[in-house]
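As a plain string of letters, each chain reads:
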2 protein chains.
Amino acid sequence: MDCIDSYPFYVEPFHVDFRGNIFFSILGNHMLNAAGNHSQKRGWGIAALNETRHTWVLSRLSIEMNEMPKEYEHCEVRTWVESVKRYFTNRNFSILRADGTPLGYARSIWAMIDLETRKPCDLISLYDGDILRYVVPEEENICPIEGYGRFHFREPELLCTIDTHYSDIDINGHVNSMKYIEHILDLFPRERFERQQVRRIEIAYKAESYFGDRLSFYCQPVSEVETGIEIRKHAVGKEHECSEEVVCHARICFTQDNNEH
Amino acid sequence: MDCIDSYPFYVEPFHVDFRGNIFFSILGNHMLNAAGNHSQKRGWGIAALNETRHTWVLSRLSIEMNEMPKEYEHCEVRTWVESVKRYFTNRNFSILRADGTPLGYARSIWAMIDLETRKPCDLISLYDGDILRYVVPEEENICPIEGYGRFHFREPELLCTIDTHYSDIDINGHVNSMKYIEHILDLFPRERFERQQVRRIEIAYKAESYFGDRLSFYCQPVSEVETGIEIRKHAVGKEHECSEEVVCHARICFTQDNNEH
């Protein structure tokens, strides 16, 4: 079996923003579908893993786009496994227009956890190292974007607090990973999107949040075009005690102003 | 040409709620796509209409589901034009599982407006009554759900106020019609969705809202299973004057408690 799969998608009218660019959350969802199909075809899909009480958890995602797919365009996501470490696997993506033009790339890191203990599993010993068969040959691993940066937050400013609702929650009972991206981009005013485009999104998923959790969004501007975001949850436990925990760290990079191009 | 079109769809993993049912907003989006394709194939799509500076506006939508499409199911939306009045057209839908089991139905009312004046156009005189050719024969118009009710709001209670953000806005610069449905369902607590399922949603779109508008959600419980919602916008004009205007009226009907079945 080839190591790289293609997941075609069509950019629907209501999947684009007011500039006509696909929403990052929609693009990310296509990528998750591509990853899910890719794993499933190789016997490592969530349904198969559930039988041995394991599942995949997305730990880190970086998407970097030179150009966004536009309304009515036919595009594809390609995905493959770059490498497998004991507790993590690196999965890469490319996003292409139907004519083959690359529009952008993405990197992701996934852990496998035991559903009972919620602890990470040793990927290499699982199923006798079967997963290593699916690592892409080095020369096919074309993903020319930066790796993960480190997040340094020093007294970030509280921008807003929201409660999580019905539409945020996926079938696992968690806030959907793409919904965090939606909420993060919703922090920026219209003028920002009129002047600049989002070029890169980097997000580290630290903890799950649930229906009814209160999320606080802390912001730390890094430069004219880059902002760090920390999301903390304020959960109320069974004993009514309150706790605060970091849910996500993210970094959003915009392009320079459009009129400077 | 047959009067009824089919739009197949697959229920993706992140398109379902924590109960495993497709989100109404996602189902509604499939219906809008089905309607768009149906019109386009008959020369009445938005792209063709834009050439004469006209467009379709969704005025009313009622969706009633006996059962919701579930994760990983293959389903289809069927759509057709029930009737054409001078200023409105009635478009109906059925939602079926791949094996042909009907899961639910929907009714919608659309107006055609002139993009310059924003006033409704006479649909029958436009293009010499061409649209009448696409009205379905009466015996094929199978849509066994209630028509539109009247909304009566008497001192509804203010539930919450939100600002509209980047993710709410579609390519026309308006809050996406399905986003109102998301925000409305987000008014209900987790316990409601654990106990009951949404059976019917009825929504009347009264005015557009835009990026940055502040929306207030007023609620009027009608019965144990039915709630009326009025959305008002507080827009700030160029002269900084404030105005309040009704954007939507909606009615949400839940099933009786699950444990009563």
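Below you will find a few notes about this structure. Residue numbers here run from 1 along each chain, matching the order of that chain's written sequence. Labels are handed out in written order, letters beginning with A for the chains and numbers beginning with 1 for the ligands. Local features in this predicted model are restricted to residues whose pLDDT is 70 or higher, and side-chain atom pairs enter the listing and the counts only when it is 80 or higher, whereas totals over whole chains, interfaces and linings include all residues. Based on all heavy atoms of the structure, the side-chain values leave hydrogens and waters out of the count.

## Regarding the interface of chain B and chain A
Our working rule: Between two residues, a contact is recorded if the distance between any of their heavy atoms is within 4.5 Å. Computed with a 1.4 Å rolling probe, the buried area is the accessible surface lost when two parts are put together, summed over both parts. Here a salt bridge means any side-chain nitrogen of Lys or Arg lying within 4 Å of a carboxyl oxygen belonging to Asp or Glu. What counts as a helix is a DSSP run of H or I of at least four residues, what counts as a strand is a run of E of at least two, and both are numbered from the N terminus.
Taken together, the contacts link 31 residues of chain B with 31 residues of chain A. When chain B packs against chain A, the two sides together hide about 3,100 Å² of surface, and 57% of this comes from carbon and sulfur. It is Phe14, Tyr166 and Ile171 of chain B in chain B that bury the most area against chain A; as a group they hold 26% of the surface buried on that side. Lysine 179 of chain A is the salt-bridge partner of glutamate 182 of chain B, the closest N and O atoms lying 3.1 Å from each other. Secondary structure elements with two or more residues in the side of chain B that touches chain A: helix H1 (24-41), helix H3 (177-185) and helix H4 (190-195) of chain B.

## Observations concerning the environment of glycine 104 of chain A
Residues and elements named next belong to chain A. For clarity, the cut-off: Relative accessibility thresholds used throughout: buried, under 20% of the residue-type maximum; exposed, over 50%; partly exposed, between the two (1.4 Å probe, protein chains only).
Note that glycine 104 resides in strand S5 (residues 102-114). Its relative accessible area of 0% is what places glycine 104 among the buried residues. Linking glycine 104 and valine 77, residues 27 residues apart in sequence, is a C-alpha distance of 9.7 Å.

## Considering the packing of H1 of chain B against H3 of chain B
Residues and elements named next belong to chain B. Let me state the cut-off plainly: For helices, the fitted line uses only the C-alpha atoms of the stretch in contact; every axis is such a line through C-alpha atoms, and the angle between N-to-C directions lies from 0 to 180 degrees. Here is the rule for angles: anything less than 35 degrees is roughly parallel, anything more than 145 is roughly antiparallel, 65 through 115 is roughly perpendicular, and the remaining ranges are oblique. Two helices cross in a left-handed way if the nearer one is turned anticlockwise from the farther one by less than a right angle. They cross in a right-handed way if the turn is clockwise. Throughout, the ten residues Ala, Val, Leu, Ile, Met, Phe, Trp, Tyr, Cys and Pro are labelled nonpolar, Asp, Glu, Lys and Arg are labelled charged, and all others, Gly among them, are labelled polar.
Their axes nearest at 9 Å, the elements H1 and H3 cross at an angle of 165 degrees. Viewed along their axes, H1 and H3 adopt a mutual orientation that is roughly antiparallel. Judged by the sense of rotation from one axis to the other, the crossing of H1 with H3 is right-handed. Residues Phe24, Ser25, Gly28, Asn29 and Leu32 of H1 pack against Ser177, Met178, Ile181, Glu182 and Leu185 of H3. Counted by class, the contact of H1 with H3 contains five nonpolar, four polar and one charged residues.

## Here's the deal with unusual backbone geometry
All names here are of chain A. You will see that arginine 53, though not glycine, has its phi angle at about 60 degrees, which is positive. Relative to the assigned elements, arginine 53 resides in the loop between helix H2 (46-51) and strand S2 (54-65). At aspartate 128, a residue that is not glycine, the phi angle is positive and equals roughly 55 degrees. Mapped onto the fold, aspartate 128 is located in the loop between S5 and strand S6 (157-163).

## Some points on the pairing of strand S3 (residues 74-84) of chain B
Residues and elements named next belong to chain B. Selection criterion: Pairs of strands are assigned from DSSP output, requiring at least two bridges between the strands.
Burial of S3 is extensive: eight of the 11 residues sit out of reach of the surface. Both strand S1 (residues 5-10) and S3 contribute to a ladder of six bridges, which runs antiparallel. For proline 8, the partnering residue across the bridge sits in S3 and is glutamate 76. Counted along the chain from S3 to the antiparallel partner strand S4 (residues 89-97), the turn is four residues long.

## Examining the relation of the copies chain B and chain A
We apply this condition: The least-squares superposition of copies is restricted to C-alpha atoms, and to residues with a pLDDT of at least 70 in both copies.
After a rotation of 180 degrees and a shift along the axis of 0.0 Å, chain B superposes on chain A with an RMSD of 0.0 Å. The relationship between the two copies is best expressed as a two-fold rotation axis. Taking the C-alpha atom as reference, chain B places isoleucine 162 of chain B closest to the rotation axis, 5.0 Å from it. When the interface residues of chain B are mapped onto chain A, 100% of them are again interface residues, pointing to one common binding face.

## Details of the pattern of salt bridges
Taken as a whole and assessed by the stated rule, the structure comprises 46 salt bridges over all chains. Measuring nitrogen to oxygen at the nearest pair gives 4.0 Å for the salt bridge that ties glutamate 194 of chain B to arginine 190 of chain B. Of the two residues, glutamate 194 of chain B and arginine 190 of chain B both sit in helix H4, four residues apart, roughly one turn of that helix. With a shortest N-O distance of 2.9 Å, arginine 200 of chain B and glutamate 202 of chain B are connected by a salt bridge. Grouping residues by exposure puts arginine 200 of chain B and glutamate 202 of chain B together as buried. Counted as one network, the salt bridges with shared partners bring together Arg60, Glu64, Arg199, Arg200, Glu202, Glu226 and Arg251 of chain A.

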